[in-house]
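Here's the letter readout for the chains.
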Amino acid sequence: MAEHPATIPTPITDGTVTASRPVEPPSASALLDTCRDALLAERRRLSQDELEALAFLPDEMVGSLAALAHEVRLAYCGPEVEVEGILSAKTGGCPEDCNFCGQSSRFDTPVKATPFLRTAEVLSAAEETARLGASEFCIVLAMRGPDERTMRRLEELVPLVAKETGLNVNVSAGILNAEQAERLAAAGTHRYNHNIETARSFFPNVVTTHTWEERRETCRLVKQAGMELCSGVLIGMGESDAQRVELSCELAEIGPAEVPVNFLNPRPGTPFAEMALVEPWEAIRWIALFRLALPGAILRYAGGREVTLGELQAMGMTSGINALIVGNYLTTLGRSAEEDMEMLAELQMPVGAVGNVI
Ligand code: SF4
C-alpha cells in the first residue's frame, strides 16, 4: 500500500475498483468515525464499499486505522491472546501446485518429504507446546486430502494428544468429504484448518489443481460437522488491494472462528520465489482491515510475520491480532516462543482462551 496516493475508490458494484478520487484527512477521520459507530454502537458488519474506502486511507492514517482495529478487537474479543503450537506431522511431497508452497512435489524446493511422524513424536511436540502455556495444538499434514490410513492415524492421535496434554487439538489435512469431517469431529478435533488463502477472483493465479470453491466446500463441511473452522489468508502474492477486500468479505460470509494471517515469505524453488515481501506498514494496514472486516474472529499471527513486520510485530498486536503461532512454522523457523511470551507480557496481554462473541 505504500505507493498508493491518498485516494478513495468510487463505489463498486462488481468487486472491482474502477477509479479513484482524492480523500483529505478530515473526510478520512469522518470515515473512521462512521466505521467505529457501525462496529461498536450499531454492531453491524462493514460493507464492502466501507472496507474499500478504509483500504485507500492515506498512509498517515494507518496509525488511526490500527487504533480503531485494536478498539474493536478489545470490544468483541477481550484482551486475551490465544497461543498455538503447530507440528508438521507429514511434510512435503504434496501433489497440489500452490505456487507459494515449498511442500509441493511439483517444484524443486529444498523441503525434504517425510512420512507421517510416529505417535511418540507427535505427543512429544504436543507436550512441548503445553509447556509453553499454549492452549491449542495443530497437527498439520501436507496433502490434498486424507486417505483412509491417514484418517485412522488422526482418529488415534487426536483423542490421545487431548487426553495426555489437556490441549485443544486441531487438524489441517486438506480437502475433506462429509464423512471425513464427521469422523474428525467425532474424534474430538476442536478446530479444522483449511485456508481459503486468497480472493476467489485471484485464486487461479495461485493454484490450478483444485478450485477456490472446493476449499470453500471443505470449510462448509467442517462447520456442518460441528468443528470450529480455521481458515486463513496469505497476503502478498500479487493480489490487488480490491482483491484483499474481496477476500475479507468472502471470509466474513464463510464465517470462520479463526483466521490465521500469513504474509508471503517467498520459498526457494517455488514460482513465487522472487516476489517481494509486503512492506511492514502495509502489513499493519491489512491486519487492521481484516480485524474490521471480521470483528469477532480469532485473528492469528502466522507465517511470514517475522520477516515482514520485523520491529513492528508488537504493533500488530495492537492493530487487531489476538492470537499467535509460537515456535516454528511448517517449513520456516519462527522466532523463539520465549520472545513472543515476553512481548505479550510487555503489552500486558494475558494468554488464554479467546471469547468469540459473533
Ligand atoms: S499449500 Fe497445502 S495443498 Fe498446497 S501444495 Fe502446500 S501442502 Fe499442498
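Cut-off values and rules
Residues numbered from 1 in each chain as written. Predicted model: local features only at pLDDT ≥ 70, side-chain atom pairs only at ≥ 80, totals over all residues. Helix = DSSP H or I, 4+ residues; strand = E, 2+ residues; numbered from the N terminus. Buried ≥ 20, exposed ≤ 12 C-beta atoms within 10 Å, placed from the backbone. Core = buried A, V, L, I, M, F, W, Y, C linked by C-beta atoms within 7 Å. Domains from an automatic or database assignment. Contact = placed C-beta atoms within 7 Å. Axes fitted to C-alpha atoms, helices over the stretch in contact; angles between N-to-C directions. Parallel < 35°, antiparallel > 145°, perpendicular 65-115°, else oblique. Left-handed = near helix turned anticlockwise from the far one by under 90°. Near = placed C-beta within 6 Å. Nonpolar A, V, L, I, M, F, W, Y, C, P; charged D, E, K, R; others polar. Pairing = 2+ DSSP bridges. Right-handed = clockwise from strand over helix to strand, strands pointing away. Expected span 1.5 Å × (residues − 1). Arc of directions from axis to C-beta.

Q: In this structure, what is going on with the overall build of the chain? I would like to understand it.
A: Looking only at helices and strands, the chain features 12 helices and 11 strands. Out of the 358 residues belonging to the chain, those deemed buried represent 49%.

Q: I would appreciate a short explanation of the nonpolar core in the present structure.
A: Side chains of a nonpolar character, in soluble globular proteins, are inclined to be buried together. By size, the foremost hydrophobic cluster in this structure holds 101 residues, and its most contacted members are Ile139 and Leu292. Counting residues per element, this core draws most heavily on helix 9 (residues 280-293), at nine residues. Taken domain by domain, this core gets at least three of its residues from each of domain 1 (7-76) and domain 2 (80-346). If we skip the residues at most four places from it in the chain, Ile139 touches Leu87, Ala89, Val122, Leu157, Val169 and Val171.

Q: What am I meant to see in the packing of helix 2 (residues 48-55) against helix 9 here?
A: For any two helices packed against each other, the geometry comes down to the angle between their axes and how far apart the axes lie. Interhelical geometry of helix 2 versus helix 9 gives an angle of 165° and a closest axis separation of 10 Å. The angle between the axes of helix 2 and helix 9 places the two elements in the roughly antiparallel class. Considering how the two elements wind past one another, helix 2 and helix 9 form a crossing that is right-handed. Within the contact between the two elements, helix 2 uses Leu51, Leu54 and Ala55 and helix 9 uses Leu289, Leu292 and Ala293.

Q: I'm lost on the site of the ligand in this one. Help?
A: Around the ligand, a shell composed of Cys94, Glu96, Cys98, Cys101, Gln103, Ser104, Ala142 and Gly174 is seen. Grouping the constituent residues of the shell around the ligand by class yields four nonpolar, three polar and one charged.

Q: Please clarify how the pairing of strand 3 (residues 82-90) should be interpreted in this entry.
A: With nine of nine residues buried, strand 3 lies mostly within the body of the structure. With four bridges joining them, strand 3 and strand 11 (residues 323-326) adopt parallel strand pairing. What sits directly across from Glu82, in strand 11, is Ala323. Bridge count between strand 3 and strand 4 (residues 136-141): six bridges; the pairing is parallel. Residue Ser88 lies in a different strand from strand 4, and its bridge partner there is Val140. Viewed along the sheet, the connection from strand 3 through helix 4 (residues 119-131) into strand 4 turns out right-handed.

Q: Looking at this model, I keep getting lost on helix 7 (residues 212-224). Mind explaining?
A: Structural remark: α-helix, 3.6 residues per turn; residues separated by three or four positions point the same way. Between the first and last C-alpha of helix 7 there are 18 Å, a value that for 13 residues agrees with the 18 Å anticipated at 1.5 Å per step. Of the residues making up helix 7, those classed as buried are Arg215, Thr218, Cys219, Leu221 and Val222. Seen from one end, helix 7 has its buried residues packed into an arc of 165°, which puts them on one side. In this fold, the buried residues of helix 7 make contact with helix 6 (178-186), strand 6 (191-193), strand 7 (228-230) and helix 8 (241-254).

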